[in-house]
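Overview (structure and organization)
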Amino acid sequence: MRRYRLLTATVLSLLLVLATLVVSPVFAQPTFTGNAPVDFTQPDTVIIADPGGVDDVGLPIQAPLGTVSGWDVVALYFDYDHTTDIMYIGVDTFGICGDVDGDGNPGGTSAWLAGVGGVDFPNLSGTESFTLLIDTDGDYVSGSGGSGIEVVVGVDDINDITAFGTYNFVGNPFAPQAGFGAVLPNTTALFANPSAAAPDMEFTIANFSTLPDFTFTPGQAFTFWINLFMGSFQDDGVGEEYLPLAGVTVAVNIPPQAVQPPDSEPGLVPEASTLILLGSGLAGLGAYARLRWRGRKRRSRP
Ligand SMILES: [Ca+2]
Ligand SMILES: [Ca+2]
Ligand SMILES: [Ca+2]
Ligand SMILES: [Ca+2]
């Protein structure tokens, strides 16, 4: 009996060791600094470029030549950690997110903006708004303005950055800033209130797979659909940013959990603990073989 228990334990431990040698999940999380294109460099990052590019947020003729609004988005970045179920999101704005007049101060109004009757409010207050709409199951008819958007992440047109969070979406996708419903339990951690030192909006959403109507299993590939809006009603003459377009969604395709075969990377050495386990497994097999050999010798005696 003893030898069978020893054999079972040995085989199990060897299988375990082999399993860890064959596939080990790999995920390097972005380190937020407030600069999305620098922070999101992982191979599984999904980038959604603004089809409108830079300079698709209109400005009044009073704005100095070369001015770009802080509403102007270059690209969105997504990186999902299948192990922790945390989604990392970065929004690369050309300047500082929320700096409506692009003068380098997200909470200060330039003379030309004041001249046309506009105000640049601090901390996304006033009617300044940042909204990321999410259709988790793809039932929103893009461009329709109908139902189907489950979630909105950001700040509506009433509150300021202190209310940044993840909410049920209950409005019309053509006016996303006015469609915030009940707050969802998913912890939403904003890296920083955008400033000159950290110009891009960066945040994480916890328990991402539990957002309403999601049906994917972490580890597997999945898709959701988004629309991003940034703008204000009090920045007279300055336009709004919609990605890709007002009321239109774009698919975000998240790849499956990355796994790394043991010899995929030259110079990759198995961890010491793995080698010790492998060694003890082999030693166990050796002990079993010796037991069997002795048993056979005893039996073969006349
Ligand atoms: Ca843009
Ligand atoms: Ca400003
Ligand atoms: Ca502002
Ligand atoms: Ca939906």
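Residues numbered from 1 in each chain as written. Chains lettered and ligands numbered in written order. Predicted model: local features only at pLDDT ≥ 70, side-chain atom pairs only at ≥ 80, totals over all residues.

A word on the overall build of the protein chain
Secondary structure assignment for the protein chain yields 4 helices and 12 strands. When burial is assessed residue by residue, the protein chain has 34% of its 302 residues classed as buried. At a minimum sequence separation of 6, the contacts of the protein chain that also span at least 24 residues come to 66%. (Helix = DSSP H or I, 4+ residues; strand = E, 2+ residues; numbered from the N terminus. Buried ≥ 20, exposed ≤ 12 C-beta atoms within 10 Å, placed from the backbone. Contact = placed C-beta atoms within 7 Å.)

Brief notes about the nonpolar core
Membership of the largest hydrophobic core comes to 48 residues, with the highest contact counts inside it found for V91, L132, L133, I134, V152, I226 and L228. Within the residue set of this core, elements represented by two or more residues are β2 (73-81), β3 (86-93), β4 (129-135), β5 (151-155), β6 (165-169), β9 (201-205), β10 (222-231) and β11 (241-243). With 7 residues, β10 is the single largest residue contributor to this core. (Core = buried A, V, L, I, M, F, W, Y, C linked by C-beta atoms within 7 Å.)

Structural notes on the environment of N159
Tracing the sequence through the fold places N159 in the loop between β5 and β6. Its 16 C-beta neighbours within 10 Å are what place N159 among the partly exposed residues. As a C-alpha pair, N159 and S125 span 34 residues in sequence and 6.2 Å in three-dimensional space.

Side note on the pairing of β10
The buried fraction of β10 amounts to 9 of the 10 residues, a majority that puts the element mostly inside the structure. One ladder, built from 7 bridges, connects β4 with β10; its direction is antiparallel. Its bridge partner lying in β10, L132 is registered against L228. Bridging between β10 and strand β12 (residues 250-254) involves 5 bridges; their strand directions are antiparallel. Across the sheet, the residue bridging to W225 is A251, located in β12. Summarising the sheet, β10 and β11 pair through 3 bridges and their orientation is antiparallel. Each residue of the ladder has a partner; that of F229, found in β11, is Y242. (Pairing = 2+ DSSP bridges.)

Let's talk about unusual backbone geometry
Here the amide bond leading from L243 into P244 is cis, since omega sits at 0°, within 30 degrees of zero. Secondary-structure assignment places P244 in the loop between β11 and β12. Although it is not a glycine, L124 adopts a positive phi angle of roughly 55°. Here L124 is to be found in the loop between α3 (111-115) and β4.

Some points on the sheet that holds strand β1 (residues 46-49)
Note on sheets: strands pair through backbone hydrogen bonds, and any given pair is parallel or antiparallel. Taken in spatial order, the 5 strands line up as β1-β2-β3-β9-β8 in an open sheet, and their pairing is antiparallel. The strands lining the two open edges of the sheet, one partner per strand, are β1 and β8 (188-190). Between one strand axis and the next, the sheet turns through 15° on average, direction left out of account. The pairing of β2 with β3 spans 8 bridges and is classified as antiparallel. Looking across to β3, one finds that Y80 is bridged to M87. (Axes fitted to C-alpha atoms, helices over the stretch in contact; angles between N-to-C directions.)

Looking at the environment of G247
In this fold, G247 is placed in the loop between β11 and β12. According to the C-beta neighbour criterion, G247 is buried, with 21 such atoms within 10 Å. Each C-alpha atom of the pair G247 and V141 lies 9.3 Å from the other, and the pair is 106 residues apart in sequence. G247 has contacts with G143, G145, P173 and F174, leaving out every residue within four places of it along the chain.

Observations regarding the confidence of the model for the protein chain
Confidence in the prediction of the protein chain, expressed as mean pLDDT, is 88, and 78% of residues score 70 or more. In the predicted structure, residues 266-270 sits below a pLDDT of 50 and forms 4 contacts with residues beyond four places in sequence or in another chain. (pLDDT = per-residue confidence, 0-100.)

Concerning the environment of T204
Within the element layout of this structure, T204 appears in strand β9. With 21 C-beta atoms packed within 10 Å, T204 lands in the buried category. Excluding residues within four positions of it along the chain, T204 makes contact with I86, M87, Y88 and A189.

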